[in-house]
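Next come the chains, spelled out residue by residue.
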Protein chains: 2
Amino acid sequence: MAERSRRASRPSGDDRQEAILVTTEALLQSRDFDSLSIDELAKGAGISRPTFYFYFASKEAVLLALLDRVIRQVEDRVGALSREFEADPASAWRRSIAAFVEVFSEHRAVATAAMAVRSRNVEVHDLWSRSMLSWVDYTAEVIEAERARGAAPAGLHSRDLAASLNLMNERVLLAAANGEHPAVTAGAELDVLVDVWVRSIYGVIPTSH
Amino acid sequence: MAERSRRASRPSGDDRQEAILVTTEALLQSRDFDSLSIDELAKGAGISRPTFYFYFASKEAVLLALLDRVIRQVEDRVGALSREFEADPASAWRRSIAAFVEVFSEHRAVATAAMAVRSRNVEVHDLWSRSMLSWVDYTAEVIEAERARGAAPAGLHSRDLAASLNLMNERVLLAAANGEHPAVTAGAELDVLVDVWVRSIYGVIPTSH
DNA sequence: GATTTAATCAACACCGTGTCGAGTGAAGTG
DNA sequence: CACTTCACTCGACACGGTGTTGATTAAATC
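These numbers come from a predicted model, not from an experiment.

> Help me get a handle on the overall build of chain A, residues and values and all.
Helix and strand counts for chain A stand at nine helices and zero strands. Helices and strands in chain A line up, N terminus first, as α-α-α-α-α-α-α-α-α. Residues classed as buried in chain A amount to 49% of the 209 residues present. The contacts of chain A with a sequence gap of at least 6 include a subset with a gap of at least 24, amounting to 66%. Looking at chain A as shown, the accessible area adds up to about 10,100 Å², and 52% of this sits on carbon and sulfur atoms. Averaging the locations of the 24 positively and 30 negatively charged side chains of chain A gives two centres separated by 6 Å.

Here is the structure:
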């Protein structure tokens, strides 16, 4: 990690950039994003504070790069999934939600930092917003399709339902990942989310007799 | 607001404390909590920055006081509600959720700031956590009671379901209050939330034929 | 009127950010 | 092989916000 193969007296710029990213994610495992100083990130990457600014405009820009990677990872996994809902809808929803759950828990630190920072940083806010939007769009489309083929009963405006369910996932997973209270029992997140999704989308309320 | 009735050459301490709270909530209508400086809060209350510290230990302490008031307000409203679910469960849930929705939108700025700050401030985090916990407890109790009387089918661990639904409300209302994207259509929040709650708690998934 | 108590603020020490400008060495150019 | 260029580096500075100290004032109480 420290030296390149054909000894270069200085590590290359790409190495440094990567070192900053690695250091930041490592520090985020145990520390609050706000409590990190640029000096620490620089030191961790073996450079001075001014040099940090050669690679990134700010702490937030580092987080943005980390978040971008995480989001691409979810997109890759969700994109690789089959779009087959007819045979077993519950399992199909489960697979989609699982992609989300896995990446969220693998990159807990980045996700948590991003959620904390988005309220004051437009770039982080917009990046996250954009992916949420695309998941909501996808969810709403599937709900419509399920209603069209008669598998799901008519109900709420599908985009509103889709937005609520996706926002629930975001919040529930964040709470679980950080051991907040209240939170869903550790390990049960996926089961609980799938159940609420399936009941809200397909569920019928028994008529009072 | 500036002077007291029987002219006191200085407004009393209580007035000043209140002025800081009022100024802060006013500034929060249009500005990010992080972007507020203590100097602004002090100036807004007609005092100097050091004097601010006579009343509050930090910006966060001011927010904590504001949040405390908001939470009490929700508790008062929810406490005044009838606990009668037998006759019309959907309406009963709607009334509870409505209390939440109303206070959240009346004090949008405080709620938003509190959500943004909780990740780095233990006091704010704990205060919010504690109220969420009490609402989750209440929700879980009612779900159990509804199952016991046969109104709701058996299902998920009630506390996990209760936690998910309450976390959904928190996130959906925050997104709606701030005009985020994605968010639930403005004005439809209550209808959507109630629908998801009722379906998740009472809903039955039609068996495939 | 003397004393206590609440309230006030100028001045200071501190810390993190972001910038500027001078420097260094490796790689390309005539 | 001199010389220019370019990617990279950092010491030193200016700035802005925080939190504290200690002296000061004015009302309240005795």
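> Which residues make up the interface of chain B and chain A, and what values go with them?
The partner chain A presents 45 residues to the 45 residues of chain B that form the contact. Note on chain B versus chain A: buried area summed over both sides is about 3,700 Å², and carbon and sulfur give 63% of it. When the area that chain B buries against chain A is broken down by residue, the three leading residues are Arg 171, Pro 182 and Arg 199 of chain B, summing to 19%. Its salt-bridge partner being Asp 34 of chain A, residue Arg 120 of chain B comes within 3.8 Å of it at the nearest N-O pair. Listing elements by their share of the side of chain B that touches chain A, those giving two or more residues are helix H7 (122-148), helix H8 (158-177) and helix H9 (189-202) of chain B. Sort the elements by how many residues they give to the side of chain B that touches chain A and H8 of chain B lands first, with eleven residues. Residues that form the side of chain B that touches chain A fall into these classes: 25 nonpolar, nine polar and eleven charged.

> Could you give an account of the UniProt feature "DNA-binding region" (unreviewed entry) in chain A, with specific residues and numbers?
Those residues carrying the UniProt feature "DNA-binding region" (unreviewed entry) are residues 37-56 of chain A in this numbering. The span residues 37-56 of chain A is 70% helical and 0% strand by assignment, and the distance between its end C-alpha atoms comes to 14 Å.

> Describe the relation of the copies chain B and chain A, with residues and values.
For the pair chain B and chain A, the superposition axis carries a translation of 0.0 Å, the fit reaches an RMSD of 0.0 Å, and the rotation angle comes to 180°. The operation mapping one copy onto its partner corresponds to a two-fold rotation axis. Distance from the rotation axis, computed per C-alpha, reaches its smallest value in chain B at Met 168 of chain B: 2.1 Å.

> Please provide a residue-by-residue account of the UniProt feature "domain: HTH tetR-type" (unreviewed entry) in chain A, values included.
In the numbering adopted here, UniProt assigns the feature "domain: HTH tetR-type" (unreviewed entry) to residues 14-74 of chain A. Secondary structure across residues 14-74 of chain A divides into 77% helix and 0% strand, with the first and last C-alpha atoms of the span separated by 24 Å.

> Any chance you could break down the pattern of salt bridges for me, citing the residues and the numbers?
This structure, assessed with the given rule, holds 32 salt bridges over all chains. For Arg 31 of chain A, the salt bridge is made with Glu 40 of chain A, and the minimal N-O distance between the two is 3.0 Å. Assessed through its relative accessible area of 29%, Arg 31 of chain A is described here as partly exposed. Salt-bridge contacts for Arg 94 of chain B lead to Asp 191 of chain B; the nearest nitrogen and oxygen are separated by 2.4 Å. Placement of the pair is Arg 94 of chain B in helix H5 (residues 89-106) and Asp 191 of chain B in helix H9, with a sequence separation of 97 residues. On the basis of relative accessible area, Arg 94 of chain B is assigned to the partly exposed category, the value being 33%. Members of the salt-bridge network, linked through shared partners, are Asp 34, Glu 60 and Arg 120 of chain A together with Asp 34, Glu 60 and Arg 120 of chain B.

> Mind laying out the environment of Val 74 of chain B, listing which residues take part and the relevant values?
All names here are of chain B. Position of Val 74 among the secondary structure elements: in helix H4 (residues 59-79). Relative accessible area serves as the criterion here: at 6%, Val 74 is assigned to the buried category. Sequence separation of Val 74 and Phe 104 is 30 residues, and the distance between their C-alpha atoms is 8.7 Å.

> Mind laying out the side chain of Arg 118 of chain A, listing which residues take part and the relevant values?
By the secondary structure assignment, Arg 118 of chain A is in the loop between helix H6 (108-117) and helix H7 (122-148). At 2.5 Å, the side chain of Arg 118 of chain A and the side chain of Glu 170 of chain A are in polar contact. Excluding residues within four positions of it along the chain, Arg 118 of chain A makes contact with Val 124, His 125, Trp 128 and Glu 170 of chain A together with Arg 171 of chain B.

> Describe in detail helix H4 (residues 59-79) of chain A, supporting the description with residues and values.
Over its 21 residues, H4 of chain A extends 30 Å from the first C-alpha to the last, a length consistent with the 30 Å expected when each residue adds 1.5 Å. Taken as a whole, H4 of chain A has its buried residues at Lys 59, Glu 60, Val 62, Leu 63, Leu 66, Leu 67, Val 70, Ile 71, Val 74 and Val 78 of chain A.

Cut-offs used in this document
Residues numbered from 1 in each chain as written. Chains lettered and ligands numbered in written order. Predicted model: local features only at pLDDT ≥ 70, side-chain atom pairs only at ≥ 80, totals over all residues. Heavy atoms only, no water. Helix = DSSP H or I, 4+ residues; strand = E, 2+ residues; numbered from the N terminus. Buried < 20%, exposed > 50% of the residue type's maximum accessible area, 1.4 Å probe, protein only. Contact = heavy atoms within 4.5 Å. Areas by Shrake-Rupley, 256 points an atom, 1.4 Å probe, with all protein chains shown as cover. Lys, Arg positive; Asp, Glu negative; His and termini not counted. Charge placed at Lys NZ, Arg CZ, Asp CG, Glu CD. Buried area = accessible area lost by both parts, 1.4 Å probe. Salt bridge = Lys/Arg side-chain N within 4 Å of Asp/Glu carboxyl O. Nonpolar A, V, L, I, M, F, W, Y, C, P; charged D, E, K, R; others polar. UniProt positions renumbered as here; feature names shortened; annotations may be inferred. Least-squares fit on C-alpha atoms with pLDDT ≥ 70 in both. Polar contact = N/O pair within 3.5 Å; in protein donor to acceptor, adjacent residues only side chain to side chain. Expected span 1.5 Å × (residues − 1).

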